[in-house]
Amino acid sequence: MRSGTNLPRVGGYNQAVVLDAIRTRGPVSRIELGPLTGLTNQTVSNLVRRLLDAGLITESGHAPSSGGKRRTLLMPRADGAYALGVHLDPDAAVIVLADLVGSVLQSHRFALPRPSVPEEVVDEVARAALRLPGSADVDPGRLLGLGVAAPGPLDGERGTLLDPPNFDGWRRVPLLDMFAKATGMPVALDNDATAAAIGERWIGGKRRADDFLFLYMGAGLGAGIMVNNQVLRGGSGNAGEIGHAQIDAGSRPCDCGSNGCLGPHCNPAALVDDLFARHGSAAARRLGLSGGPEAVRADWRLLRRAVRAGDPSATDVVRLAGRRMGQAVRGAVALLDVSLVVLGGEAFGGVEHVLGEEIDAAVNTTSVTRALGRVTVEPSLIGETAGAVGAASLVLHGRYAPGWRMLTEASAPR
Ligand SMILES: [Zn+2]
């Protein structure tokens, strides 16, 4: 929890501190906000009045009386602000409209007809995004902007997507400026795993208020890192590339040039390949898998369904991936000293528990801090739309979280 300052002329920052405390610890009374924020009761009272007037919080009931005057409780107001979030994957876009507490009011997923032409993708996605607020009857004055989450690596300074794997035709694409022009709105950009971690913090309140590692699986694998209640971005904004951690597995070439990276073993295409390689075509046919690059999405859905139904071959390859992830996550947990690992992203849906068991075993049997307590491994509170909800939360964080720096943020063009 961040502390405020009682010096004059820092009202904006203090207001963000109070809103963040209400959001992450609420429902909470004015009297509790003093110790939580380090602000005087008088300052808290003034700032709460301003937040009420701005429509960002609401009074909601009373705390049980302990003899004296009953204390009014404060909560964030869902309709206080809205943001759009876009998650770009190599072949599809997911767009959401989220409110101030992170609830999704509208969501839309569509395949990209010409994914290798960035200009067309941006135009199409921007048009689709701009339709959502109208269909949800949202006050346009409370729509703050658009967040974009894309697979890394990114040039954070310039808001440019460098050359993400599986994005043919995308090299040094100035995504931030393109979306700002196409929508006329403020835009924030980050990589999908970091955006997902920020979204998890935004939605999770008390449960995600401290340190955690967000393991994100979409078309590829990445990690978002939250330490001391701040996102860790690293020097170039590309921290968390856990897919390039070296593990002990058969060699599969990685885009980075190495043969020992985790990433090439932990994506839907790799798991489908593993099923064919370890259990043969007969097992694959039995599950309805057809193999080949065009069928990956459908095959991965069938494979996950088979895991949920208890099929031993399907479960075996997912467990293998979980053990491989466990090797890298164990290192990350030791390095960062986090006590929570969250699993989320479009590709995790339905198999988090199986992967989670393997990762849990890897991080807890040999953890350096096991004398202090277990590392918890659990599914994301957001689930499969973590990338898009995370993207929307970039905008909400940028506006309302105290002391947060967005990786890159562009104002609406004039
Ligand atoms: Zn690599």
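Residues numbered from 1 in each chain as written. Predicted model: local features only at pLDDT ≥ 70, side-chain atom pairs only at ≥ 80, totals over all residues.

## Considerations on the overall build of the protein chain
Then, in step 1: In terms of regular secondary structure, the protein chain is built from 11 helices and 16 strands.
Then, in step 2: Whereas a compact globule of 414 residues would reach a radius of gyration of roughly 22 Å, the protein chain reaches 22 Å, a difference of no more than 12%.
Then, in step 3: For the protein chain, buried positions account for 45% of its 414 residues.
Then, in step 4: Taking the intrachain contacts of the protein chain between residues at least 6 apart in sequence as the baseline, contacts between residues at least 24 apart amount to 65%. (Helix = DSSP H or I, 4+ residues; strand = E, 2+ residues; numbered from the N terminus. Rg over C-alpha atoms; globule rule 2.2 N^0.38 Å. Buried ≥ 20, exposed ≤ 12 C-beta atoms within 10 Å, placed from the backbone. Contact = placed C-beta atoms within 7 Å.)

## Quick notes on the pairing of strand β7 (residues 143–150)
Then, in step 1: For β7, the buried fraction is high: 6 of the 8 residues fall into the buried class.
Then, in step 2: With 5 bridges joining them, strand β4 (residues 82–88) and β7 adopt parallel strand pairing. Its bridge partner lying in β7, glycine 85 is registered against glycine 147.
Then, in step 3: Where β7 lies against strand β10 (residues 187–191), 5 bridges are found, and the strand directions are parallel. If you follow glycine 147 over to β10, its bridge partner there is alanine 188. (Pairing = 2+ DSSP bridges.)

## Side note on helix α7 (residues 268–287)
Then, in step 1: The terminal C-alpha atoms of α7, which comprises 20 residues, lie only 15 Å apart, well short of the 28 Å expected from a rise of 1.5 Å per residue.
Then, in step 2: For α7, the principal kink sits at glycine 280 and spans about 120°.
Then, in step 3: Every buried residue belonging to α7 is among Pro268, Leu271, Val272, Leu275 and Ala284, and all of these are buried.
Then, in step 4: For α7, the elements touching its buried residues are α8 (296–308) and α9 (312–336).
Then, in step 5: Within two residues after α7, glycine 288 carries a phi angle of roughly 90°, on the positive side. (Expected span 1.5 Å × (residues − 1). Bend = angle between axes of the 7 residues up to and from the residue.)

## Some details on the domain arrangement of the protein chain
Then, in step 1: Domain annotation of the protein chain identifies domain 1 (11–76), domain 2 (80–199 + 387–410) and domain 3 (210–380).
Then, in step 2: In this structure, domain 2 and domain 3 have C-alpha centres spaced 24 Å apart.
Then, in step 3: Taken together, the 18 residues of domain 2 in the interface contact 21 residues of domain 3.
Then, in step 4: Looking at the side of domain 2 that touches domain 3, the element that brings in the most residues is helix α6 (residues 192–204), giving 6 residues.
Then, in step 5: Looking at side-chain class alone, the side of domain 2 that touches domain 3 contains 10 nonpolar, 6 polar and 2 charged residues. (Domains from an automatic or database assignment. Nonpolar A, V, L, I, M, F, W, Y, C, P; charged D, E, K, R; others polar.)

## Observations concerning helix α5 (residues 175–183)
Then, in step 1: Summarising burial for α5: 7 of the 9 residues are buried, a large majority.
Then, in step 2: Taken together, the buried positions of α5 are occupied by Leu175, Leu176, Met178, Phe179, Ala180, Ala182 and Thr183.
Then, in step 3: Just downstream of α5, glycine 184 is the residue with a positive phi angle, here 70°.

## Section: unusual backbone geometry
Then, in step 1: Along the chain, glycine 152 connects to proline 153 via a cis peptide bond; the corresponding omega equals 0°.
Then, in step 2: If you trace the backbone, proline 153 turns up in the loop between β7 and β8 (154–155).
Then, in step 3: The backbone of aspartate 137 sits at a positive phi, close to 60°, despite the residue not being glycine.
Then, in step 4: Aspartate 137 sits in the exposed class, given 7 other C-beta atoms within 10 Å.
Then, in step 5: Positive phi outside glycine occurs at asparagine 228, with the angle close to 55°.
Then, in step 6: Relative to the helices and strands, asparagine 228 is located in the loop between β12 (221–227) and β13 (230–231).

## Thoughts on the nonpolar core
Then, in step 1: Among the nonpolar cores identified, the biggest contains 118 residues, and Val86, Val148, Phe179, Leu215 and Val341 are the most heavily contacted of them.
Then, in step 2: Ranked by residues supplied to this core, first place goes to helix α11 (residues 386–400) with 9 residues.
Then, in step 3: Apart from residues no more than four positions distant in its own chain, valine 148 is found in contact with Val86, Leu88, Leu175, Phe179, Val187, Leu189 and Ala391. (Core = buried A, V, L, I, M, F, W, Y, C linked by C-beta atoms within 7 Å.)

## With respect to the sheet that holds strand β3 (residues 72–76)
Then, in step 1: On the basis of which strands lie adjacent, the open sheet formed by 3 strands has the order β1-β3-β2 and antiparallel pairing. Pairing within the sheet leaves two strands with one partner each, and these edge strands are β1 (28–29) and β2 (57–62).
Then, in step 2: The sheet contact formed by β2 and β3 spans 4 bridges and is antiparallel. Bridge pairing links threonine 58 to methionine 75 in β3.

## Examining the packing of α6 against α11
The description of two helices packed together rests on the angle between their axes and the distance between the axes.
Then, in step 1: α11 packs onto α6 with a crossing angle of 70° between their chain directions and a minimal axis gap of 7 Å. Classified by the angle between their axes, α6 and α11 sit roughly perpendicular to one another. Our pair here, α6 against α11, has a crossing hand that is left-handed. Residues Asp192, Ala195, Ala196, Ile198, Gly199, Glu200 and Trp202 of α6 touch α11, and the partners they reach there are Ala386, Gly387, Val389, Gly390, Ala391, Ser393, Leu394, Leu396 and His397.
Then, in step 2: Among the residues forming the contact of α6 with α11, the class breakdown is 9 nonpolar, 5 polar and 2 charged. (Axes fitted to C-alpha atoms, helices over the stretch in contact; angles between N-to-C directions. Parallel < 35°, antiparallel > 145°, perpendicular 65-115°, else oblique. Left-handed = near helix turned anticlockwise from the far one by under 90°.)

## Observations regarding the packing of helix α2 (residues 30–37) against helix α3 (residues 41–53)
Then, in step 1: Packing of α2 against α3 leaves a shortest axis separation of 9 Å and a crossing angle of 115°. Comparing the axis directions of α2 and α3 gives the class roughly perpendicular. Of the two possible hands of crossing, α2 and α3 adopt the one that is right-handed. In this structure, α2 contributes Arg30, Ile31, Leu33, Gly34 and Thr37 to the contact, and α3 contributes Asn41, Val44, Ser45 and Val48.
Then, in step 2: Its residues placed into classes, the contact of α2 with α3 shows 4 nonpolar, 4 polar and 1 charged.

## Some words on the environment of glycine 292
Then, in step 1: Counting through the fold element by element, glycine 292 comes out in the loop between α7 and α8.
Then, in step 2: Here glycine 292 falls in the exposed class, since 10 other C-beta atoms lie within 10 Å of it.
Then, in step 3: Sequence separation between glycine 292 and valine 272 is 20 residues, and the spatial gap between their C-alpha atoms is 9.1 Å.

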